[in-house]
Amino acid sequence: MMEPGYRSVSRRDSRSLVGYKHACHAMLFAQDHGKLFGRIPMRYALLMQMRFDGKIGFPGGFVDIRDHSLEDGLNRELAEELGCDQKLLCVTESDYRSSHATDAMPQKVVAHFYIKQLSLADLHRIEVAAVHAKDHGREVMGTIRVPLYTLRDGFGGLPAFLTNTFIGNAKEQLIYALRTLKLLSEEAIQTAISAGQEG
Ligand code: GTP
Ligand code: MN
Ligand code: MN
Ligand code: MN
Ligand code: MN
Ligand code: MN
């Protein structure tokens, strides 16, 4: 499933890779019992963002591992991009999920991935704060929720969303999270991926 060019590495081994920059990104999500049109379960509110380059990714960014822990760097990026205070959102080592290295140009990057579940109320507070973030309207064009349902036409919703252009391996990180946290059934995930490829 992982895009060619991205290989899984352990958190520890990634530190000894020479010539790689490290980046940390976080998927924030909450249970959402609401229904679209009073009928379609939203299931979860899951945050991604529209980036300055028109691609979709998770909040986060580059971390200087010589001076900072991965989590300190990630929390700084989250403050810049989401503008929320540490009381509302603080990612810790227990939220760490995976690391993937890529040699793709223009630079060698190790992408570390974190997942954190929040209450829907806190997630909404983060969305509200995000429009006042330092990077809002600059590096970040807006926080978005990922549609996790598929409409009757078999394409609207998650399949259509997956046809966007994603930065790095963000799309694989999203699918990995949906799968491992069992936010959607394996069948729903497979259907969304293949419907998107045909669409
Ligand atoms: P600058 O302040 O402009 O350096 O941006 P930043 O520190 O916020 O970095 P950015 O979020 O763009 O992430 C750094 C690098 O990580 C990018 O150049 C991509 O290669 C990669 N990247 C960005 N977003 C994601 C993401 O959601 N998932 C993954 N896997 N990689 C990402
Ligand atoms: Mn309306
Ligand atoms: Mn940033
Ligand atoms: Mn960023
Ligand atoms: Mn940065
Ligand atoms: Mn920046």
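Under an unreviewed UniProt entry, the name given to the protein is U8 snoRNA-decapping enzyme, and the source organism is Callorhinchus milii. Note on the protein: under the UniProt heading Sequence similarities (unreviewed entry), the record states "Belongs to the Nudix hydrolase family. NUDT16 subfamily." Heading Cofactor (unreviewed entry) of the UniProt record for the protein holds this comment: "Co(2+)".

Further remarks concern the UniProt feature "domain: Nudix hydrolase" (unreviewed entry) in the protein. Per the UniProt annotation, the sites labelled "domain: Nudix hydrolase" (unreviewed entry) are residues 19-176. Helix makes up 23% of residues 19-176 and strand 36%, and the two end C-alpha atoms of the span are 27 Å apart.

Here we take up the site of ligand 1. Neighbouring residues of ligand 1: 16 residues in total, closest Arg51, Phe58, Glu81, Asn169 and Gln173. Burial of ligand 1 by the protein chains amounts to 80% of its free accessible area of 630 Å². When each cavity is represented as a set of grid points, ligand 1 is found to reside in the largest pocket. Every element with two or more residues in the shell around ligand 1 is listed here: strand S2 (21-36), strand S5 (60-63), helix H2 (70-82) and helix H5 (170-180). When residues of the shell around ligand 1 are assigned to their parent elements, the largest contribution, three residues, is made by S5.

Rules of the game
- Residues numbered from 1 in each chain as written.
- Chains lettered and ligands numbered in written order.
- Predicted model: local features only at pLDDT ≥ 70, side-chain atom pairs only at ≥ 80, totals over all residues.
- Heavy atoms only, no water.
- UniProt positions renumbered as here; feature names shortened; annotations may be inferred.
- Helix = DSSP H or I, 4+ residues; strand = E, 2+ residues; numbered from the N terminus.
- Near = heavy atom within 4 Å.
- Areas by Shrake-Rupley, 256 points an atom, 1.4 Å probe, with all protein chains shown as cover.
- 1 Å grid on protein atoms, 1.4 Å probe; cavity = no way out; pocket = protein on both sides within 12 Å on 5 of 7 lines; lining within 4 Å.
- Sits in = over half its atoms within 2 Å of the grid points.

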